[in-house]
Each structure stands twice: as structure tokens, then as C-alpha cells.
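Understanding the architecture of this molecule
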Amino acid sequence: MRTSRLTFLAATAATCTLLLGLTACGSGSPAAEGAAHGHGPAASPTTPNMSSASPMPSMDGMHDVPADNGLSADRDGYRLTSPDTRLTPGAAAAYRFTVTAPDGRPLTAYALDQTRRMHVYAVRSDLTGFQHVHPAMAGDGTWTARLAPLASGTWRVFASFVPDAGPGKGTDFVLSRTVTVPGDAGAVPLPAPAASTTVDGYTMAVKGQVMAGTTHPLTVTVTRNGRSVTDLQPYLGTYAHLTAFHSGDLAFAHLHPTTAVHGDHGGPELTFHAELPAAGDWRLFLQFRTGGTLHTAALTLRAG
Ligand SMILES: [Cu+2]
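Owing to the predicted nature of the structure, the values given are computational and were not obtained by experimental measurement.

Another aspect to go through is the sheet that holds strand β3 (residues 93-100). Overall, antiparallel pairing links the five strands, which are arranged β1-β2-β3-β7-β6 in an open sheet. What marks the edges here is a single partner per strand, and that holds for β1 (74-75) and β6 (136-137). Strand direction decides the pairing type here: β1 and strand β2 (residues 78-81), joined by two bridges, are antiparallel. In the strand pairing of β2, Arg 75 is matched with Tyr 78.

Here it is as C-alpha cells:
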């Protein structure tokens, strides 16, 4: 197994592998470096960005990191549009959006991807807020995502989908737009990188050394009260759904599970292909299901 080559992940990214990682992804991007500079002990990479609606011009990202970093509202002629640029703080919200195809018409044909035709993620700019919902589409191609109450601040809403028609048929797309939730938007510093996190009594230990721009195996081991957990239930066709957002610019990455699903017997070990397009700190959101309840664990991972 490839796991034998894994080294324990800790806050020890500042090695020569960091440089290798940057070179490998051809990055050297202002965005990546800007975020990386936020790693200083006292610096908070999130604070300077809190007040601006769009910390990074999305077009910049296209030159630096793969186009599927999700920071643009359009790609290859597909465009995410929404009438909702502001949402009410502290109240459940309906976020409406449409994807227009290269022919200018709303896209209505979507392929199933991880059992759904559309995945929506709403993330607050300091990565304290995370929502993952599956919207409903009207016949005209308008999607409505029901969001739980949002804290004041700037949020980025990502739409992840696979067109089932047109030139982009079969291609993974992640497009996003920002939304302002008015009010006092105090930023919370990103938690330090950690090798494990606990949610609802479940401890998730993460192993794997991640370098930007290349694919690496990442292993998550689930325990509860020190015992291996083996009753994970399938969620979206897998035992754990893992998304990651880059601290600073909120670049998106989807970590693909490699664990086969076989009934309600998932765990304790889950493996992923981790491909993070930029160096720096990433906030991982790991969702899994036990006893019919969905859990969401969060953890900061540093990519060299
Ligand atoms: Cu989803």
C-alpha cells in the first residue's frame, strides 16, 4: 500500500519539499505566496481580506493555479450568475443562481456527480462558516440553494457540477461568486495546522504529506473513545466527503475518496487523493454519516 510512504502530518511544512511543491505546480503565484506569508506566528491571513468583497481578482488565479480552483464565476464559456449579491444576516436564505452555457442559454442538463447534479458550498472568508447543500432546479435552469442562517461577513458560494450537454459535457466545473452578509464582520484567525480534530465524539486523525500541485495520498483514521470506528454509512456515494478551501483566497479543492463503499461498515481508515493547487494553509471539511446523522469535522492542513 502507498500508505507506507506516508509521513505523519504536522505543522512541519517548511522543508525543501515546500520549494519542490511550488516548482511542481508552476505556481509562484502572488495569491499563493500572499497566503503563505500569513503563516507567521502572529499574522492572521484572514484579517486583511475580511473587509473586501473579493480579495483576489478571480482572473489572476487562472494564470497561477489550475482553472478549477473555483475562484472564477466563469470558465470555458460556462458562467455562474445570481441575482443575490446580499443576504440577510442571521436568517435562513434562499440563494438563487443559474449556470449559463457557452450558447448563452441556461444550462439544464447536468450529470450525476457523487450522486447529485449540483453541489453548493458556502464558505465565509475567514473559513469559520461552511455549508454544503444540494439545491433544487426549476425547469428554466434556476437553482435555489437553501442556506442556514449566515453570520455577517463576506461569503463565497461555490457551485460544483458536471454539464451533461454542450462542449463541457462530462467536465468537472467549480464556479463561484461572493455574497455580502451585512453587519459587523469580525474575523476569526484560522486555527493552527493540526494532525487531528474531534467532532461529535469522533476523532479524525489525518496522515499524509501534501505538496501543492501534485497528487498525494491522504489517510484519515476515525476513532471514538480510542476505539476504531467501523460503522460509517455511505454519504454521497462514499464514506467521507472532503472539501478544502485555501486560507486567504478561498481556492477550492475536492479531495477524492479512494475507499470502496460496502454498506454501513466504513472506517476506521479512509483514503483520499489530495491534490491542492497552491501552497499554504487549507481548511479541510470532512463530512461523514453515522446512525443517520451527518457530522462535519474541520481541520487546518498545511500544503508545502
Ligand atoms: Cu454535495
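Below, the discussion takes up the confidence of the model for the protein. Across the protein, the average pLDDT comes to 81, with 78% of residues at 70 or higher. Scored below 50 in pLDDT, residues 1-66 shows 92 contacts in the model against residues more than four places distant or in partner chains.

Turning to the coordination of the copper ion, a few remarks are in order. The protein atoms that coordinate the copper ion are His 119 (ND1), His 132 (NE2) and His 134 (NE2), at distances spanning 1.8 to 2.0 Å. Sequence spacing of the donors to the copper ion: H-x12-H-x1-H. Placement of His 119 in strand β4 (residues 119-124) and of His 132 in strand β5 (residues 130-133) is noted, with a sequence separation of 13 residues between them. Taken as a pair, His 119 and His 132 share a single burial class, namely buried.

Bridging between strand β17 (residues 280-290) and strand β18 (residues 293-303) involves eleven bridges; their strand directions are antiparallel. Bridged to Leu 286 within β18 is Ala 297. What sits between β17 and β18 in their antiparallel hairpin is a turn of two residues, with Gly 291 showing a positive phi close to 50°.

Rules of the game
Residues numbered from 1 in each chain as written. Predicted model: local features only at pLDDT ≥ 70, side-chain atom pairs only at ≥ 80, totals over all residues. Heavy atoms only, no water. Pairing = 2+ DSSP bridges. Helix = DSSP H or I, 4+ residues; strand = E, 2+ residues; numbered from the N terminus. pLDDT = per-residue confidence, 0-100. Contact = heavy atoms within 4.5 Å. Donors = N, O, S within 2.8 Å, 3.2 Å for Na, K, Ca; no water. Buried < 20%, exposed > 50% of the residue type's maximum accessible area, 1.4 Å probe, protein only.

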